[in-house]
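Chain by chain, the residues run as shown.
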Amino acid sequence: MDLKTLPLAAGLAAALFSSANAAVTIYEAEDQTLPSGGTISDTAVYELDMSKGWQIYDTLQTIKISGNKFVNTSGEMTFNVTVPETGLYDLIIHMWIKDLYISNNSTIEVDGNTIGTYASNTGTMMNKEFTLTGSVKLKAEMEHSIVLKAASAAGVDYLSIEPHPKAVFTLSDAPVSAGATESAYKLKHFINHNFGQKTISGMMIGDNIFNYHYGDTLANGDADLKSNYLLHSYAECVAAGIDDCHTDDSITWKGQVDIAKFKELSGYYPALGGFDMLFAAGGGSKKGWFRGYTEHNVQMAQELWEAGGIPAFSWHWKVGSDTVFYSKEGGYKNAGCTDGVIASSANNTCFNYTKAFTDSTCKEINTASEEYQLMLADIDSVSKHFLTLQDSGVAVLWRPLHEASGGWFWWGVASANCYKALYNLVFNRMVNDNGVKNALWIWNIKTDPSIGYDYSALNGEWYPGDEYVDIVGVDIYNDPSDHQSNANYFNKTISEVGVNKVIALTEN
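Computed from a predicted model, the values in this text were never measured in an experiment.

Novice: Now, about the state of the cysteines: what can you tell me, with residues and values included?
Specialist: Per the counting criterion, the structure on display carries 3 disulfides. There is a disulfide in this structure between C337 and C350, and the S-S distance comes to 2.2 Å. Since a negative S-S torsion denotes a left-handed disulfide, the C337-C350 link at about -85° is left-handed. Here the residue C337 occupies a position in the loop between β19 (310-314) and α6 (370-391), and C350 occupies one in the loop between β19 and α6, the gap between them amounting to 13 residues.

Novice: Requested: an account of the sheet that holds strand β23 (residues 502-507), with residues and values cited.
Specialist: The strand order across the open sheet built from 7 strands is β15-β18-β19-β20-β21-β22-β23, with neighbouring strands paired in parallel fashion. The open sheet has two edge strands, β15 (202-204) and β23, and neither has a second partner. The mean inter-strand angle of the sheet, taken between neighbouring strand axes irrespective of direction, is 30°. In this sheet, strand β18 (residues 272-276) lies alongside β15 in parallel orientation, the contact comprising 3 bridges. Each bridged residue has a counterpart across the sheet, and for M203 the counterpart in β18 is G273. Sheet strands touched by helix α5 (residues 288-306): β18 and β19. Its angle to β18, the strand with the most contacts, is close to 165°.

Novice: Please give an account of the packing of α6 against helix α7 (residues 416-433) that cites residues and values.
Specialist: Each pair of packed helices can be summarised by the angle the axes make with each other and by the distance between the axes. In the contact formed by α6 and α7, the axes pass within 10 Å of each other and the chain directions differ by 50°. By the criterion of interaxial angle, the relationship of α6 to α7 is oblique. Classified by chirality, the crossing of α7 by α6 is right-handed. Every residue of α7 that contacts α6 at Y372, M375, L376, I379, D380, V382, S383 and F386 is listed here: L422, L425, V426, R429 and M430.

Novice: I'd love a proper account of the environment of I445, names of residues and values included.
Specialist: Structurally, the position occupied by I445 is in strand β21 (residues 439-445). Classification of I445 by relative accessible area gives buried; the value is 0%. Separated by 42 residues in the primary sequence, I445 and E403 have C-alpha atoms spaced 6.3 Å apart.

Analysis parameters
- Residues numbered from 1 in each chain as written.
- Predicted model: local features only at pLDDT ≥ 70, side-chain atom pairs only at ≥ 80, totals over all residues.
- Heavy atoms only, no water.
- Disulfide = S-S within 2.5 Å.
- Helix = DSSP H or I, 4+ residues; strand = E, 2+ residues; numbered from the N terminus.
- Pairing = 2+ DSSP bridges.
- Axes fitted to C-alpha atoms, helices over the stretch in contact; angles between N-to-C directions.
- Contact = heavy atoms within 4.5 Å.
- Parallel < 35°, antiparallel > 145°, perpendicular 65-115°, else oblique.
- Left-handed = near helix turned anticlockwise from the far one by under 90°.
- Buried < 20%, exposed > 50% of the residue type's maximum accessible area, 1.4 Å probe, protein only.

Here you go:
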């Protein structure tokens, strides 16, 4: 790959600057301007004992309090702070929620902008202790307003501000796939070399413009399938009798609507092009348009690679004859799901992949199960497309089984351990059995609704392990016009999976 062909812009490295010389500063809550109705306390707070009624207990024996004092507040506390040097700082607020059954969120605001939201979820426990943390860039020689907005009545102890240590990564240029292709090595080296220094611009294709032969679909089985579903030129399209044929320029990767608009607005083509194996498996995957869509993606991936770019594939996986990948609420556990259903239910899929294993622990594969055989057939179908690219010297980024801990896809409704077993199954089948050696494997960390919905809820329990992952990705969907730093997601991802993998923004 010629590095000069990739449009690169200054990126993450500058945003992660923090001063190594700045000291840790503690701001005691009792030394701040008290909020309306706020009071300073030392030892006595109330706890509800259902058998004895309200009862006083000694806080100092239960929660260690800085300075032996704290502030009782109805939910809000403001700290006015300054820092000696401009840089990235960690904010740590020590506090506790004083009410029962709180399920709302607490937030930290800096200069009017929310930098973190934290699920309280105290359940039946009063005075549940919290240490709320977040990172933010603070400027020297100005006063910053840091506001805690607690979910309910709270005890607030202190705010600690300390410089955020810059992460030092240890990256290997060797892909995790044994016997990886030369192209895969080059691609991983390129990404490692630019990590923390440059930003690789990327764009997912929306409208997929291509010429295809819609007729001759599955009328009498696979034997009747023809090889010309994807027509490679305008002349072939016309000869096939299709009324609305696209020009040769428009069916290329550069000619796709989204990519052409990107070029028009920026003056560059994106260095990374996003594709999806959405129709490579599942109901209808062998029909004309669906098959053409997949084959066209493979063709465009090769075009992009030859132009010096990076093809990246996701997989919204529809199993067997199923036509959806979103799970019914709760997935196969939902009472509305019929046991054993493979195809679509009235409300998303009921597919239960854990039946591909011998029991609910997912420690051992049940090779005789229908679920296992269906998934294996789909994995093999996808593998063939990657092998086509491999034969042409193309390497790809590959992000299967994404956003699992969110639970909205069928692969995310069981346990973290079962998910990891499924991920390993896909990896081993593609790499070790089918010989796919040209893919860099991306695992996608995601928030866990049982914890919360922002960066603090990113759940590393679902991480398959360093030996199965080349790159760790995170998906972030900010509100419109929200241009704040997403350093908190970056830092939280490091805390969950370590510093041995490149961290990428995989959807936004």
